[in-house]
Amino acid sequence: MRRIRQYRDPLFWISLFSCAAVSAFILLPLLQMLCEPTWQGLCEAMADKTVRRAIGLSLYSAGWAALISFVIGTPFAYLLARKSFSGKRIIEGIVDLPIMIPHPIIGIAILGLTGSEHWIGRLIQEAGIRIMGTVTGIIVVLTFVGLPFYINTVKNGFEAVPVRLENVSRSMGASFTGTFFRITFPLAWRSMLVGLILCAARAISEFGAVIIVAYHPMVAPVLIYERFTAYGLEYSQPVAVVLILVCLVLFVALRIVSTAKGPAGAGMSKTKFSA
Amino acid sequence: MVKLEQLAIELPGFSLGRIDLTVKPGECFVLLGPTGSGKTLTLEAIAGILPISQGRIRINGIDVTRLPPEKRGIGIVYQDFALFPHLSVIDNINYGLRYCKKTNRPSGKRIAELMAHTGIDHLARRDVNTLSGGEKQRVALVRALSVNPSVLLLDEPLSALDRGIRYEIQKLLKSLHQETGTTFLMVTHDFTEAIFLGQRAAILNNGRIEQTGPLIDILRHPKSPFVAKFVGIPNVFPARFKNNRAEMDGFALKLEQKPADASTHIAIRPEDICLHPSSTLDADTNVLIGKISDMADYGPYGEVTVQTPAATFKATLPRREMLALYHSQPGEVFLQIPPDGVHTF
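Every chain is numbered independently, its residues counted from 1 as its sequence is written. Each chain takes a letter, starting from A, and each ligand takes a number, starting from 1, following the order in which they are written. Local features in this predicted model are restricted to residues whose pLDDT is 70 or higher, and side-chain atom pairs enter the listing and the counts only when it is 80 or higher, whereas totals over whole chains, interfaces and linings include all residues. With hydrogens and water excluded, all non-hydrogen atoms of the structure serve as input to the side-chain values.

**Student:** Break down the side chain of B:Q211 for me, with residues and values.
**Tutor:** In DSSP terms, a helix is any run of H or I states spanning at least four residues, a strand is any run of E spanning at least two, and both are numbered starting from the N terminus. Looking at where B:Q211 falls in the secondary structure, it is placed in strand β10 (residues 208-214). For each residue, the accessible area found with a 1.4 Å probe, counting protein chains only, is set against the maximum for its type, and the residue is called buried under 20%, exposed over 50%, and partly exposed in between. Its relative accessible area of 6% is what places B:Q211 among the buried residues.

Next up, the structure:
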């Protein structure tokens, strides 16, 4: 009876239509692209050293961006999750800025700051660090665009750990650091892993800012763009398909690890993702 | 011993203070008050979780005001148990042992005794997420006591439990207090819990202490209309006093003795009012005439609301008496209030 009533409800049909439309909107272009290249074209792409190097560089620089985000973003996310202070909303807005700004602008801004015209740029160059056209530059850009995803996800993960657990731990003699590593981290590590996945995923897909800072060495999105502009759709598609497949395998594996049933109560199944 | 000296806490939209309070060693002291009165804030300030804006906190004579929570030697039990969900029962209980000084570290035998005392010895390897509310609270209690705290802070430890379990945990708390001799400082809004467990109490209202003293004294002799209502006295009236007589708007009552000069109110406990269909004309008792306007059945007892020409009174009666009154359908009832049942403040 209840099921029949549900079928009569217009909202049920609207929801069903919306679900089908969204799925088709996302899947159709991707499926089309996955089906387009020939098997031979795919094999050639995988055997191509340039393609392998570009995808490798994408994964390498995205991995570094995620690691840097983990190191500098975790304490910051904890602070945002646990403390209330004046200006907190402004700081949260600043963290979200890289999500909103058009990415070529990010590239231009980073170049402006790290160029020889700026004193910070001169300091960096004197320290032997080069940004323009280097892997370092790519990692800086990818960290810039990926960091908000990591911080927002981990902040939600920390917020999902009741502060009373930390209070009890402190009252039983554990220091702040001891409490973090024995209580907060075991309960929030899954949110950190999800944050790393999101950060790395965002970094791998970055194009607009990278192309400004470092056209060479080529990351995968830049190579796909170059193949498209120089040789057309047919030559860019196999590279894109290889990149999608590599990322799919990697991220599905990480997702499985992050949602695998761990010790009871651990993890952050209730964590919301705002980014 | 816990001593609060001029303790003040300033938060956006709420201020607590300045509180002076002494909890004697080995005592079970209760902080009572309605929701939002500042009870939990006081507890968290003592625990060192909440920064205070003024005052001093001493535990066993040592000024712990600037010490972090882990250096204060306190245990805390929350109403929602706050068990570590990623650890088993025994790992929860043993959590704090590594931080105990060797001289203060309880032996495995002592932990086993505590677990047996609280009836959780068979749950040692269980996942805490699979426990019932009562079991969780037992684990939380053993965990807090396992580190031999000088003071155990209990934040409404019974409020998340259902009625039957609540009574069991109440008895357990009492026996643990007697067995360990630890100073207990409990927060609750339930006066019956406080009476069962505590020896002395402080009543908090809107961040201020209204009254401190032995619980029976507070129950029998409230010092303000707020405390009177809080301890379950609905019959509170402003009054003027002339010798052994209290005069209210429209009626007067004899008192057992002359009230203190500063008294401004009377309070009559509902169980001190006797209701009769006819007057016994006892010259020593205050007698008022009224009509029953409402009867509420609370199971073992009932509450009868009587409207007199001057005021409304509430009286509690054993259920049997209330039902007899209900079936006799009296047009008028006589309220008999003995002079020693009229409390002045």
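From this point, things continue past the structure.
**Student:** Hey, could you go over the interface of chain A and chain B for me, with residue numbers and the actual values?
**Tutor:** Often, the extent of an interface is quoted as the loss of accessible area on bringing the components together. Here a residue-residue contact requires only that any non-hydrogen atoms of the pair lie within 4.5 Å. At the interface, 22 residues of chain A touch 28 residues of chain B. Counting the surface lost from both chain A and chain B, the interface buries some 2100 Å², and carbon and sulfur atoms represent 62% of this. We define buried area as the total accessible area lost by two parts upon association, computed with a 1.4 Å probe and summed across both. Contact with chain B buries area across many residues of chain A, yet A:R164, A:M172 and A:R182 alone supply 36% of it, more than any other trio. Any carboxyl oxygen of Asp or Glu within 4 Å of a side-chain nitrogen of Lys or Arg constitutes a salt bridge here. At the boundary of chain A with chain B, the tally comes to three salt bridges. A salt bridge links B:D80 to A:R164, with the shortest nitrogen-to-oxygen separation between them at 3.4 Å. Identification of polar contacts relies on pairs of N or O atoms within 3.5 Å, with a donor-acceptor requirement for protein atoms, meaning one able to donate a hydrogen and the other able to accept it, and with residues adjacent in sequence counted only if both atoms are side-chain atoms. Where chain A touches chain B, the interface holds seven residue pairs in polar contact (both at pLDDT 80 or more). Broken down by secondary-structure element, the contributors of at least two residues to the side of chain A that touches chain B are α9 (163-171) and α10 (176-204) of chain A.

**Student:** For helix α4 (residues 49-82) of chain A, give the residues involved together with the corresponding values.
**Tutor:** The terminal C-alpha atoms of α4(A), which comprises 34 residues, lie 48 Å apart, in line with the 50 Å expected from a rise of 1.5 Å per residue. By the largest-angle criterion, A:G73 marks the main kink of α4(A), which is about 45°, and a proline, A:P75, follows within four residues. Expected helix span is computed as 1.5 Å times (number of residues minus one). Fitting axes to the seven residues that end at a residue and to the seven that start at it, the angle between those axes gives the bend at that residue.

**Student:** Got a sec to walk through the sheet that holds strand β11 (residues 235-238) of chain B? Specific residues and values, please.
**Tutor:** All names here are of chain B. For two strands to be treated as a pair, DSSP must find at least two bridges joining them. Strand order in the open sheet made by the three strands is β11-β15-β21, with antiparallel pairing throughout. Each having just a single partner strand, β11 and β21 (342-344) make up the two edges of the open sheet. Pairwise comparison of adjacent strand axes, ignoring direction, gives a mean angle of 25° for this sheet. Alignment of strand β15 (residues 265-268) against β21, held across three bridges, turns out to be antiparallel. Its bridge partner lying in β21, I268 is registered against V342. Lines fitted to the C-alpha atoms define the axes, with helices restricted to the stretch that makes contact. Angles between their N-to-C directions range from 0 to 180 degrees.

**Student:** Quick one: what's the story with a nonpolar patch on the surface, residue by residue and with numbers?
**Tutor:** Residues and elements named next belong to chain A. Like-charged residues within 9 Å of one another, or nonpolar side chains (Val, Leu, Ile, Met, Phe, Trp, Tyr) within 5 Å, are grouped into patches, provided each residue has over 30% relative accessible area and no salt bridge. Areas reported as accessible are Shrake-Rupley estimates using a 1.4 Å probe. Residue values count occlusion only from the protein chains shown. Taken together, the side chains of V22, F25, I26, L27, L30, L31, L34, L245, L248, V252 and I256 make up a nonpolar region of the molecular surface, amounting to roughly 1000 Å² of accessible area. Elements with a contribution of two residues or more to the nonpolar patch: α2 (10-35) and α13 (233-259). Looking at which element gives the most residues to the nonpolar patch, the answer is α2, with seven residues. In this structure, V252 sits in helix α13.

**Student:** Can you tell me about the domain arrangement of chain B, naming the residues and giving the values?
**Tutor:** The source of the domain bounds is an automatic or database domain assignment. Domains assigned within chain B are domain 1 (2-220) and domain 2 (234-344). Placing a centre on the C-alpha atoms of domain 1 of chain B and another on those of domain 2 of chain B gives a separation of 39 Å.

**Student:** An account of the packing of aromatic side chains is requested, with residue identities and associated values reported.
**Tutor:** Within 6.5 Å between ring centres, the rings of Phe, Tyr and Trp (the latter by its six-membered ring) count as paired, and their orientation is classed by plane angle as stacked under 30 degrees, edge-to-face over 60, tilted in between. All chains considered together, the criterion is met by 17 aromatic pairs over all chains. Measuring from ring centre to ring centre gives 5.5 Å for A:Y78 and A:F180, while their planes differ by 85°; the resulting arrangement is edge-to-face. Of the two residues, A:Y78 sits in helix α4 while A:F180 sits in helix α10, which places them 102 residues apart along the sequence. Of the two residues, A:Y78 and A:F180, both sit in the buried class. An aromatic cluster is defined as three or more aromatic residues linked by ring pairs; in this entry it consists of A:Y78, A:F158, A:F176, A:F180 and A:F181. In this arrangement the basic side chain of A:R182 is found over the ring face of B:Y95, its NZ or CZ atom lying 4.0 Å from the centre. Throughout this description, the term charge over a ring refers to an Arg CZ or Lys NZ atom that lies within 6 Å of the ring centre and within 35 degrees of the ring normal. When the ring centre of B:F196 is taken as reference, the NZ or CZ atom of B:K174 above it lies at 4.9 Å.

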